[in-house]
Amino acid sequence: MRIDVLGPVRLRDDAGGIVDVPERKVRALLVSLAASVGETVSVDTLIDRVWGEDLPANPRRVLQAKLSQLRSLLDAATPAGHKILVREPGGYRLRVSEEKLDAADFRRLVRKALSLPADQNRVRALKEALQLWRGTPYGEFRDELWLASDVAELMEVRLQAVEFCAEALTAVGEAEQAVSLGVPHVAENPARERLVAALMLAYYRSRRQPEALAAYERMRSHLAEEYGVDPAPEVRELHTRILQQDSGLDPLAGQGSSPESAAPSAAEQDSPATLGVRRLPAYASPFLGRAEEIKTVGELLAEHRLVTLLGIGGIGKTRLAVQAAHTAADHRAAEAWFVDLSEVPERTSESVREPGDRIARVVAAALDLSTPRQGGGDLTERIAAALEARDVLLIFDNCEHVIDEASILVSQLLVRVPTLRVLATSREPMALPEEQRYVVPRLPVNGGASPAVGFFISRARTVNPELEVDEAALEAVAELCRRLDGLPLALELAAARTNVLSVAELLERITDRLDLLSRPGRAAPRRQQTLRGMLDWSWSLLDDQERILMRRLSVHPVTWKLDVMESICADSPRQPAPLKEAPGAWSAAKDSSPRDFLSRGRVLPILARLVERSLVSTVNVDGEIRYRLLETVGTYASEKLAEAGEREAVELRHLSYYRNQVECAREYLFGPRARDWVRSLGEARPHLSHALHVALHRGDGADAVALVLNTFWYRWMTGHIDSIIEELPAVVACAQPGETPADQHAYAQVAVLATVLEDQQLEGHIERVLASLDGFADDESGLLAKMQVQWFAATCLLAEEEYRTPGERLADEAIQHLLDVGELAGAAFASTQRDWFLLEYWGISPKGLPDGHDAERILRDHGDAYGLTQVLAVQHLLAETEGRTENALELTNQAAALSADLGLNGEVAYWRSVQAVNALRKGDLTTAESHLESARELAQRTAFVFATASIEAMEAVVAHTRGDYERAAELLEGFSAEDRAVASRGLARFLGEESLPTGLQFSRS
């Protein structure tokens, strides 16, 4: 196992593989401990380094969760890796030797090299050290103040290594290598005299005296202007000797490589004597990042006579086609001819009278055939006759705007010339029976070593040869490539801007990508000189209906289901405007022309055409197809949405659709179809988040209240409560009580929920909860709305001894009122929550419902599966309290199965930890650990922090039982008093206090 910090922080396993550390805060924790390896870091210091001023509600509890995640990652890196992270009296430390850290290796190798003479041995040692360097130390954390001295020291050691390596290379006759090594560092360190001196001598010995003198002059000017000093005497002396061409500075004999050793040129390798005639475009820039695609296209051409490369403009279809044609022609010794259709104008009403052989004439010209003045059929015959009995590959490039004509000609030629193969590029297919389609993928963006990043850096260095890509820049490049969807044209246009903007500045300006990304290049077609030009070309090929759908999809840049798309993007004859009053531009557009009206039945065929043209991409989600716009396309389409005056109207449709959905969901979540609605809302979470953002941005309090209130129980049930804790106060701040009673009641309910979920450690929390219940009207509907949340508010009182009695009174009052008005299911559910708190905290037996009502029967009759999990929770707790362990085990398994069936990961995580308790009671430690591993994974997946403490407490018990007392102490050390009390109470009930680790026993806590 190794921890690498010379660049992006990474954890490597025993085999050298990368262990992904996906969460930034866990990486920060790893960095904090690695930077202080061998030393103990206090809990307060860790919290400060990981969160700074942006502290979570319960820092110590959350820190424990992050430490637990880090231990899991260490286990993945090496067997029993969790033991590396140890708890000390003063905090935590990593128990690893220095050879496990690349920074320590780097320092050691440099020290070793400097103890050697300036010969090949020193060169080898310094090169080995420098190979460890992947970028600025500590990557994304390089600017943290607590790392400043370490980063600066490592940067200094690296510069020393470069200086000594450049000197040693020059000494052993490798002056050119010394120049290549030193030049990038001089630009960043112009006052570094030893480095400049080493570079001057390397230049001189490479027969580049003017550059040696220029290097000195740049340093001299910089020192004079910035510091008012001259170079050191020894550097001035070297400058003088170079001017005098002192023979003592001459390079070693035999330096350099002989001309005879040079590799053969590309022209010599591709001798025309061994290749067929080839008329293909030549490109000045190298072809990068498409090795797999070239292989695939070559295989398709070997099996099919017509292959069409499909993809959005700028994806690189033409370059891929040309490169694949070279490869295919090499293998077959075949001819390859390029037919450029981009300059053929699209057919219009004015061009109908043109001869019908427009495409044939372009093909004939490409093949150097003479063309008659008129007559299409004769020309097609001429082409066929000229190609007969020849092994020929024709590339038809840019077919999309003349796709019908191109398809006819290609079909005729394939029939008449059996030896012909055609490779076409287009944004839509030819739809011929013999056509084999291949959708050109985007360049992958998966980190600093991805093809997209390599492509960008290569192109950037053509306009900025001195571009230095350090770790910060590499991260920015990867993010830029992702934001540009891995489109080669977009990346190339962005790279062209690196002569005036840094990569970080490009990334900051990415929202203006359509106009920012352009190039003055004269060789590229106009439509490829700007990103906007490329998209304008694609837009011009769409009909009115396709443009309507594409621009409306840009209202939210996430994946769409077809039925949602039909509901939001299509118009209704009965109600062409959205549910709310639309702006005048929308209505005017509706009335101006039937072409602007998109019916629901037209959405699917239009969507299919947009997919074929690669403007809409598809994603497979659990066997179902979803649709999305690339981010770049979405930016362009969003502009068109605004130009059409439709943005506000489509946003309102989107908002209204999801408000209606969550209002339905609130009812169905507690019925027989709960599982389907949990899944449906899970899929819709990005859309719901966007809808809430739009409502808050618009100041639309009623919709914001409806969205957050009606998704509250979905998020509570599934454990996704982290975001709602932040959103509830934002909605309360945005909204007003409203004009209608219903709006006023909903606002008051949201205010109560927001107050209940405040940090309970804040002073006056209970008082604010009680005060929030006064926000309801005194009429009958206001009283009902109050009682629907009063029992929930009462739960935070039930956990406090001082407030238990008033809390019980509030809960009883709410339950009775719900029964009185006929809300039996609501009363039954509320009773399970009250009874669980009373039993868990105070050992009071369940009270159930008054008047002979049975909560379990009511919930079963209602089909409320989630409610039944809460009934089972109370029954399980009672069985454990009364010592009925077998019954408790059966109830645990029932609750876990029911929760899993509903897809409630937070609930399942809790029940898995209880199953671990049951396994431990039977002495089955392996099964207990398996259940805990599952519980931890589920809790982390949903960020369900409330389950983390009980899971880690149970892990401590297992470690204690195995005799690993140090591990048990580590797990429990950071527990707050509240966490410790909850864990102690529950586990002592299950296992007996005598079985618990010392830190969990009541008498010693």
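Residues numbered from 1 in each chain as written. Predicted model: local features only at pLDDT ≥ 70, side-chain atom pairs only at ≥ 80, totals over all residues. Heavy atoms only, no water.

**A short note on the overall build of the chain**
- Across its full length, the chain holds 45 helices and 13 strands.
- The proportion of buried residues among the 1005 residues of the chain is 51%.
- For the chain, the share of sequence-separated contacts (at least 6 apart) that also reach a separation of at least 24 residues comes to 68%.
- By element, 50% of the accessible surface of the chain is carried by carbon and sulfur atoms, the whole surface being about 44,900 Å². (Helix = DSSP H or I, 4+ residues; strand = E, 2+ residues; numbered from the N terminus. Buried < 20%, exposed > 50% of the residue type's maximum accessible area, 1.4 Å probe, protein only. Contact = heavy atoms within 4.5 Å. Areas by Shrake-Rupley, 256 points an atom, 1.4 Å probe, with all protein chains shown as cover.)

**Observations concerning unusual backbone geometry**
- Unusually for a residue other than glycine, Arg-207 sits at a positive phi of about 65°.
- Mapped onto the secondary structure, Arg-207 falls in the loop between α8 (193–205) and α9 (209–227).
- Taking relative accessible area as the criterion, Arg-207 reaches 64% and is therefore assigned exposed.

**Topic: the packing of helix α6 (residues 148–171) against α8**
- With their axes 9 Å apart at the nearest point, α6 and α8 run at an angle of 20° to one another. Classified by the angle between their axes, α6 and α8 sit roughly parallel to one another. Our pair here, α6 against α8, has a crossing hand that is left-handed. Residues Val-162, Glu-163, Phe-164, Ala-166, Glu-167, Thr-170 and Ala-171 of α6 form the contact with α8, whose participating residues are Arg-194, Leu-195, Ala-198, Leu-201, Ala-202 and Arg-205.
- When its residues are assigned to classes, the contact of α6 with α8 shows 8 nonpolar, 1 polar and 4 charged. (Axes fitted to C-alpha atoms, helices over the stretch in contact; angles between N-to-C directions. Parallel < 35°, antiparallel > 145°, perpendicular 65-115°, else oblique. Left-handed = near helix turned anticlockwise from the far one by under 90°. Nonpolar A, V, L, I, M, F, W, Y, C, P; charged D, E, K, R; others polar.)

**Digging into the pairing of strand β8 (residues 335–340)**
- The element β8 is largely enclosed, with a buried count of 5 among its 6 residues.
- Sheet analysis places β8 next to strand β9 (residues 392–397), joined by 6 bridges and oriented parallel. Among the inter-strand pairings, Trp-337 is bridged to a residue of β9, identified as Leu-394. (Pairing = 2+ DSSP bridges.)

**Quick look at the packing of aromatic side chains**
- Summed over the entire model, instances satisfying the criterion amount to 22 aromatic pairs.
- Here the aromatic rings of Trp-716 and Phe-792 are separated by 5.3 Å at their centres, their planes lie at 80°, and the arrangement is edge-to-face. Of this pair, Trp-716 sits in helix α31 (residues 712–718) while Phe-792 sits in helix α35 (residues 780–798), placing them 76 residues apart in sequence.
- Taken together, a centroid distance of 5.9 Å and an interplanar angle of 90° make the contact between Trp-791 and Phe-792 edge-to-face. (Phe/Tyr/Trp six-rings, centres within 6.5 Å; stacked < 30°, edge-to-face > 60°.)

**Here we look at the environment of Leu-238**
- Position of Leu-238 relative to the elements: it lies in helix α10 (residues 233–243).
- When the C-alpha positions of Leu-238 and Tyr-216 are compared, they lie 9.4 Å apart, and in sequence the two are 22 residues distant.
- Apart from the residues lying within four places of it in its own chain, the contact partners of Leu-238 are Ala-197, Met-200 and Leu-249.

**What about a negative patch on the surface?**
- Together, Asp-48, Glu-53, Asp-54, Asp-722 and Glu-726 line one region of the surface with negative charge.
- Its location among the elements puts Asp-722 in helix α32 (residues 722–734). (Patch = residues over 30% accessible without salt bridge, like charges linked within 9 Å, V, L, I, M, F, W, Y side chains within 5 Å. Salt bridge = Lys/Arg side-chain N within 4 Å of Asp/Glu carboxyl O. Lys, Arg positive; Asp, Glu negative; His and termini not counted. Charge placed at Lys NZ, Arg CZ, Asp CG, Glu CD.)

**So, the environment of Arg-61**
- Along the chain, the position of Arg-61 falls in helix α3 (residues 59–77).
- Classification of Arg-61 by relative accessible area gives buried; the value is 15%.

**A few points about the nonpolar core**
- Counting 149 residues, the largest nonpolar core has Leu-309, Leu-423, Phe-456, Leu-549, Met-550, Met-565 and Leu-728 as the members making the most contacts within it.
- The residue makeup of this core includes at least three contributed by each of domain 3 (291–345 + 355–439) and domain 4 (451–519).
- Apart from residues lying up to four places away in sequence, Leu-309 is in contact with Val-297, Lys-317, Leu-320, Ala-321, Leu-423, Ala-424, Thr-425, Ser-426, Tyr-438 and Val-440.
- Judged by nonpolar contacts, the second largest core, of 81 residues, contains Leu-33, Leu-169, Tyr-216 and Met-219. (Core = buried A, V, L, I, M, F, W, Y, C linked by side-chain atoms within 4.5 Å. Domains from an automatic or database assignment.)

**With respect to the pattern of salt bridges**
- Following the criterion strictly, the structure yields 56 salt bridges and no others.
- One salt bridge in this structure joins Glu-381 and Arg-416, with 2.6 Å as the shortest N-O distance. On the criterion of sequence distance, the pair formed by Glu-381 in helix α15 (residues 376–387) and Arg-416 in helix α16 (residues 403–416) is long-range, its members being 35 residues apart.
- In this structure, the salt-bridge partner of Asp-835 is Arg-834, at a minimum N-O distance of 2.9 Å. Like Arg-834, Asp-835 is buried.
- Residues joined in a network through salt bridges with shared partners are Arg-2, Asp-4, Arg-10, Arg-12, Asp-105 and Arg-108.

**Considering the sheet that holds strand β2 (residues 10–12)**
- Strand order in the open sheet made by the 3 strands is β1-β2-β3, with antiparallel pairing throughout. Only two strands of the sheet have a single partner each, and these edge strands are β1 (2–4) and β3 (18–19).
- The sheet contact formed by β1 and β2 spans 3 bridges and is antiparallel. What sits directly across from Ile-3, in β2, is Leu-11.
- Contacts from α3 reach β2 and β3 within the one sheet, and its direction differs from that of β2 by about 40°.

**Looking at helix α33 (residues 741–756)**
- The first and last C-alpha atoms of α33 sit 23 Å apart over 16 residues, in line with the 22 Å expected at 1.5 Å per residue.
- The element α33 is extensively covered by neighbouring structure, given that 12 of its 16 residues are classed as buried.
- Against the buried residues of α33 lie α28 (647–668), α30 (701–710), α31, α32, α34 (765–772) and α35. (Expected span 1.5 Å × (residues − 1).)

**Looking at the confidence of the model for the chain**
- Per-residue confidence for the chain averages 83 on the pLDDT scale, and 88% of its residues sit at or above 70.
- Mean pLDDT values for the elements of the chain range from 31 in helix α11 (residues 266–269) up to 96 in helix α36 (residues 804–820).
- pLDDT under 50 marks residues 252–276. Its contacts with residues more than four places away, or in other chains, come to 12 contacts.
- With pLDDT under 50 throughout, residues 349–356 is counted as low confidence; its partners more than four residues away or in other chains account for 5 contacts. (pLDDT = per-residue confidence, 0-100.)

**Thoughts on the pairing of β9**
- Buried residues dominate β9, accounting for 6 of its 6 residues.
- Of the two faces of β9, the one holding Val-392, Leu-394 and Phe-396 and the one holding Leu-393, Ile-395 and Asp-397 are both buried throughout.
- One crossover worth recording links β9 to the parallel strand β10 (residues 420–426) by way of α16, and it is right-handed. (Right-handed = clockwise from strand over helix to strand, strands pointing away.)

**Brief notes about the side chain of Gln-870**
- Note that Gln-870 resides in helix α39 (residues 865–881).
- Within the structure, Gln-870 has its side chain in polar contact with the side chain of Thr-869 (distance 2.9 Å).
- Setting aside anything within four residues of it in sequence, one finds Gln-870 in contact with Phe-829, Thr-832, Gln-833 and Glu-907. (Polar contact = N/O pair within 3.5 Å; in protein donor to acceptor, adjacent residues only side chain to side chain.)

**Observations regarding the environment of Val-392**
- By secondary structure assignment, the location of Val-392 is in strand β9.
- A relative accessible area of 1% places Val-392 in the buried class.
- Apart from residues lying up to four places away in sequence, Val-392 is in contact with Glu-335, Trp-337, Leu-387, Thr-419, Leu-420 and Arg-421.

**Re the packing of α33 against α35**
- Where α33 contacts α35, the axes come no closer than 10 Å and their chain directions differ by 15°. Classed by the angle they form, the pair α33 and α35 counts as roughly parallel. Relative to α35, the crossing made by α33 is right-handed. Counted together, His-745, Gln-749, Val-752, Leu-753 and Val-756 of α33 and Ser-781, Gly-782, Ala-785, Gln-788, Val-789, Phe-792 and Ala-793 of α35 form the full contact between these two elements.
- In the contact of α33 with α35, the residues fall into 7 nonpolar, 5 polar and no charged.

**Observations concerning α9**
- With 19 residues, α9 should reach 27 Å at 1.5 Å per residue; the first-to-last C-alpha distance of 27 Å fits that figure.
- Listed in full, the buried residues belonging to α9 are Gln-209, Ala-212, Ala-215, Tyr-216, Met-219 and Leu-223. Each buried residue of α9 lies within a common arc of 130° when the element is viewed along its axis, so the set occupies one face. The exposed residues of α9 that point more than 90 degrees off its buried face are Pro-210, Arg-218, Glu-225 and Glu-226.
- Contacts made by the buried residues of α9 are with α8 and α10.
- Just past α9, the residue Gly-228 takes up positive phi, approximately 70°. (Arc of directions from axis to C-beta.)

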